[in-house]
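What follows is the residue order along each chain.
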Amino acid sequence: MIENYLKIAFRNLWRNKASSFINISGLTIGLCSCLLIGLYIQHELNYDDFQKKGDRIARVIMAYKFDGGSDMKKGNFTSARVAPVFKQTFPEIESAVRMTKSTRVVHYQNKLIDEKAFMYADPSFFDTFSFKLLQGDPHNVLNAPKQVVVTESTGKRYFSNENPIGKILKVGSDTTLYQVTGVIQDCPSNSQIKYDFLASWSSLGLADEEKTYWDANYTTYLLVKNKESIATLRAKITPFMRKEMTGQGATVDFDLEPFNKIHLYSPYDGFEPNNSITYIYILEAVALLMLIIACFTYVNLNTARSMERAREVGVRKVIGADNKQLFWQFIGESVLLCTISTILSVLVAIILLPVFNQLTEKQLSIEAFFSWQFVGAALALIVLVSLLAGTYPALVLSNFQPVKVLKGSFKNTNSGQWVRKSLIVFQFSISVVLIICTFIMQKQLNYIQNKRLGYNRDQVVVLPMDNKMVTKMNLIKQEFKSNDHVLSVSGCVSTPVDILGGYNMRSSVMPESQQLAVTANPIDNDFVKTVGLQIIAGADLSQQDMKDVAYADDKQNTYHFILNESAAKELGWTPEGAIGKRMFLSGSRPGYVKAVVKDFNFESLHHVIRPLVLFPQTYERTLLLKLSGNDIRQTISFLELKWKELVPDRPFEYHFLDDDFNKLYSSEMRLGNVLTIFASIAIALACLGLLGLSSYTAKQRIKEIGIRKVLGASVSGIAALLSANFVKLVLISIIISTPIAWWMMNKWLQSFAYKTDMSWWIFVFAGGSAIFIALATISFQSIKAALSNPVKSLRSE
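*Asks:* Would you mind going over the overall build of the protein in detail, with residue names and values included?
*Replies:* On a plain count of helices and strands, the protein comes out with 26 helices and 22 strands. Here the protein holds 797 residues, and 52% of them are scored as buried. Counted over contacts in the protein with a minimum sequence separation of 6, partners at least 24 positions apart contribute 79%. Surface exposure of the protein reaches about 35,900 Å², of which carbon and sulfur atoms provide 57%.

Okay, here's the thing in structure tokens:
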């Protein structure tokens, strides 16, 4: 019997090639979308799953405020003191690891590479984390200064097929010699800790920093003895820190974040940008809705074909087939079609995977498609979709009345019409929600790109610096500015896109114990001009101001500060009133306010503008070059030649300030692109379903159309009559979807401190687009029915 069902199913698919093609295409597109989104979601939900002790690891979060301050400032930073003190104090801790990631120039033979993933860690790294060491002793590879472990791919990159153990690398501007003591397996793509080099913590020489809870520039992880200890330890930290900070004029506390929750739940990025569980939920909803839309499309197309198969059902029932047999026959056809669609969807997903990886900026592997989990999920999907999409059409077809069918007087009743119409309303509701969400997301992204940030990021080249370059900074500036297309050159620690440095400040009238938390950035006298900040009071820094802070003994230095409006207000000054006022930055930097600049967004637009201090300093990490915008390629070539001449021990690697800015919103841009693509797919699938229902309706009303034409109805009148009911369905879907989309986007926009408005025209345009697309879809069937010969339709009826 099963063999017979398969034969009939194959014959029907082959006989109705156009209908089969549409059905298979619709399901393939829907299933392929689900597979790709599902692969991405699986990748994100399985982040750090390979860490065997992950449920016992916690990241330390620092919170601090100075006496007189109101809010605690928090972040995933700690000083070098936290790990050894906590390990010694709290018996719950099994081991503690300090880590920091930086950029280092690595030199080996003729290779000179600016490595972006050079990490330092305590020897306890291998006791805490489950990264597999391929060569070397985990207890010895990081226990002495100037030791480094390389990943397997990095070893091949530098040493080809030679054994890396014992090789000597020159690292940094001072070409310190590091010995390779181990080789480690490459970091998995779904790891929040990624590195190419792992050097010993003792190489940093931070013994003095272990005496203070300040200088918080590092990340600390704690491995507790059991996962329940995290809550116990958290409760002990606050009273301990209260005693530690007694009489120091500040409050410092620490919280613990479970390691496995960081990637999707933490507001603080790790060594790579976090994702958001909210975005995962959105993508899960999109995947589920895409699957439902694909199934509903199949239902509508199959019920549209029910008239064509009515005689077949009648004949089968006359010769003895019962409803149950017919039901399973049609379910079998659904299983066959879903199996073909699933196989095709996997093939299409594999082909599209590189494009999808580029879209999501992930490294999803084809191997995932052949895992037993995936194969099991695919089989379950076939069964689920077959039952979900095939049950209703099978019930409709198996319940036809054979007497009416074979007499030729069969006409489908209105029973079940509400089901098919409900499916269309549901499909278009989803589509309209996705259209509105896509438009609002793109509007917010356009707002971000076009908002006046208070600085000019256009045509600004960013080059990394090191301490060796600082001594010849004036020469570098002079040589670069010899090109007419280089307008200005500046050195700074952080670019204006994302300034993170945490400091404290006070005015001369405030007691020394009272400090205000502030973000600050060391700059030189060309920074304001290079990035286009607007001075609203006072004057820019001069060359003399730079000389005033060049003394080795900080007590001899006199600082001239530039405040933003928020910092001046925090200290109780107007912009004009702040000029010349004496103040202190982090205690050791006394000086005077020289200028106040207009507030600018030195963080992402998720955050409000906070107090900021710019101060002169003779050490820099970043070089900024403002270009004219003319002959960019020729100017870059000039800069590269000069760089090789002036900085031969460092590779020329540049990017534009725009790139740094766009990285702040990479998650939002990825989500916007994904929604745009899948909103288009959802509309296409909804239109296929609408096409099926319009075809079904036209066949149901063929006699009515014939009578109307005989009585003089025009083609346009009949087409409008057939289209009107479908337009009503789309209008209902617009009414349902509009408040849902508004609520979703309102919640999303609340994560931004600066955001666009949800303009009324977006909702009107989305609704109008849905109506236009629906009319364009059904017009073919409506006009075809209106043009049919009434003589044939009435004679056949």
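Once you've had a look at it, read on.
*Asks:* Explain the packing of aromatic side chains to me, and be specific about the residues and the numbers.
*Replies:* The full count for this structure, using the stated rule, is 35 aromatic pairs. With centroids separated by 5.6 Å and ring planes inclined at 10°, the aromatic side chains of phenylalanine 125 and phenylalanine 131 adopt a geometry described as stacked. The two residues phenylalanine 125 and phenylalanine 131 agree in class, both being buried. Consider the rings of phenylalanine 439 and phenylalanine 765, whose centres lie 5.1 Å apart with planes at 75°: the pair is edge-to-face. With phenylalanine 439 in helix 13 (residues 417-450) and phenylalanine 765 in helix 25 (residues 760-787), this pair connects stretches of sequence that are 326 residues apart. Aromatic rings pair up to connect Phe50, Phe125, Phe126, Phe129, Phe131, Tyr195, Tyr221 and Phe259 into one cluster.

*Asks:* Tell me about a nonpolar patch on the surface, residues and numbers included.
*Replies:* The grouping of Ile732, Ile736, Ile740, Trp742, Trp743 and Met744 at the surface amounts to a nonpolar patch, some 570 Å² of accessible area in total. Following the sequence through the fold, isoleucine 736 ends up in helix 24 (residues 715-749).

*Asks:* So what's going on with the pairing of strand 7 (residues 168-171)? Which residues, and what values?
*Replies:* Going residue by residue along strand 7, you find Leu169 and Val171 tucked away on one face and Ile168 and Lys170 left uncovered on the opposite face. Where strand 3 (residues 93-108) and strand 7 come together, 2 bridges link them in antiparallel fashion. Across the sheet, the residue bridging to histidine 107 is lysine 170, located in strand 7. Pairing between strand 7 and strand 8 (residues 176-184): 4 bridges, direction antiparallel. When the bridges of strand 8 are listed, leucine 169 appears paired with tyrosine 178. Hairpin connection from strand 7 to strand 8: 4 residues lie between these consecutive antiparallel strands, with glycine 172 at a positive phi of about 85°.

*Asks:* Which residues make up helix 15 (residues 473-480), and what values go with them?
*Replies:* Along helix 15, the residues that are buried comprise Met473, Ile476, Lys477, Glu479 and Phe480. Considered in projection along helix 15, the buried side chains sweep an arc of 170° and stay on one side of the axis. Away from its buried face, by an angle of more than 90 degrees, helix 15 presents the exposed residues Asn474 and Gln478. The inward-facing, buried residues of helix 15 contact strand 12 (460-464), helix 14 (467-470), strand 13 (486-492), strand 21 (622-627) and helix 20 (632-646).

*Asks:* Which residues make up the pairing of strand 4 (residues 111-121), and what values go with them?
*Replies:* The pairing of strand 3 with strand 4 spans 9 bridges and is classified as antiparallel. Looking across to strand 4, one finds that valine 105 is bridged to aspartate 114. What sits between the antiparallel neighbours strand 3 and strand 4 is a turn of 2 residues, in which glutamine 109 has the positive phi angle 50°. Both strand 4 and strand 9 (residues 197-200) contribute to a ladder of 4 bridges, which runs parallel.

*Asks:* Give me the lowdown on the packing of helix 3 (residues 82-89) against helix 6 (residues 229-244), citing residues and values where you can.
*Replies:* Relative orientation of the contacting elements helix 3 and helix 6 amounts to 110°, with a least axis distance of 12 Å. Put simply, helix 3 runs roughly perpendicular to helix 6. With respect to the hand of their crossing, helix 3 and helix 6 are arranged in right-handed fashion. Of helix 6, the residues touching helix 3 (which contributes Val85, Phe86 and Thr89) are Ile237, Phe240 and Met241. Residues belonging to the contact of helix 3 with helix 6 are distributed by class as follows: 5 nonpolar, 1 polar and no charged.

*Asks:* Describe unusual backbone geometry, listing the residues and the values that go with them.
*Replies:* Glycine aside, residues mostly have negative phi angles, and peptide bonds mostly take the trans form. Phi is positive for serine 160, which is not a glycine, with a value near 55°. Note on placement: serine 160 falls in the loop between helix 5 (152-159) and strand 7.

*Asks:* Can you break down the pattern of salt bridges residue by residue, with the values?
*Replies:* Counted according to the given criterion, the structure contains 27 salt bridges. Its salt-bridge partner being glutamate 257, residue arginine 59 comes within 2.7 Å of it at the nearest N-O pair. Here glutamate 257 lies in strand 11 (residues 250-258) and arginine 59 lies in strand 1 (residues 57-66), a separation of 198 residues in the sequence. The salt bridge involving aspartate 466 is made with arginine 650; its shortest N-O contact spans 3.1 Å. Here aspartate 466 is found in the loop between strand 12 and helix 14, whereas its partner arginine 650 is found in the loop between helix 20 and strand 22 (655-656), with 184 residues between them in sequence. Judged by relative accessible area, which is 7%, arginine 650 ranks as buried. Three or more residues are tied together by salt bridges with common partners; here these are Asp114, Lys116, Asp466, Arg650 and Glu653.

*Asks:* Got a sec to walk through the environment of lysine 73? Specific residues and values, please.
*Replies:* Structurally, the position occupied by lysine 73 is in strand 2 (residues 73-75). Put simply, lysine 73 and valine 252 are 179 residues apart on the chain and 9.6 Å apart in space, counted from C-alpha to C-alpha. Dropping the residues within four chain positions of it, lysine 73 is found in contact with Met62, Ala63, Tyr64, Gly502, Val518, Thr519 and Arg610. A distance of 3.3 Å separates a polar atom in the side chain of lysine 73 from a polar atom in the side chain of threonine 519.

*Asks:* Lay out the side chain of serine 266 in plain terms, naming residues and giving numbers.
*Replies:* Here serine 266 shows up in the loop between helix 7 (262-265) and helix 8 (277-304). A polar contact of 3.0 Å, which involves the side chain of serine 266, links it to the backbone nitrogen of tyrosine 268. In contact with serine 266, not counting residues within four places along its chain, are Arg59, Glu257, Lys261 and Asn274.

Rules used throughout
Residues numbered from 1 in each chain as written. Predicted model: local features only at pLDDT ≥ 70, side-chain atom pairs only at ≥ 80, totals over all residues. Heavy atoms only, no water. Helix = DSSP H or I, 4+ residues; strand = E, 2+ residues; numbered from the N terminus. Buried < 20%, exposed > 50% of the residue type's maximum accessible area, 1.4 Å probe, protein only. Contact = heavy atoms within 4.5 Å. Areas by Shrake-Rupley, 256 points an atom, 1.4 Å probe, with all protein chains shown as cover. Phe/Tyr/Trp six-rings, centres within 6.5 Å; stacked < 30°, edge-to-face > 60°. Patch = residues over 30% accessible without salt bridge, like charges linked within 9 Å, V, L, I, M, F, W, Y side chains within 5 Å. Salt bridge = Lys/Arg side-chain N within 4 Å of Asp/Glu carboxyl O. Pairing = 2+ DSSP bridges. Arc of directions from axis to C-beta. Axes fitted to C-alpha atoms, helices over the stretch in contact; angles between N-to-C directions. Parallel < 35°, antiparallel > 145°, perpendicular 65-115°, else oblique. Left-handed = near helix turned anticlockwise from the far one by under 90°. Nonpolar A, V, L, I, M, F, W, Y, C, P; charged D, E, K, R; others polar. Polar contact = N/O pair within 3.5 Å; in protein donor to acceptor, adjacent residues only side chain to side chain.

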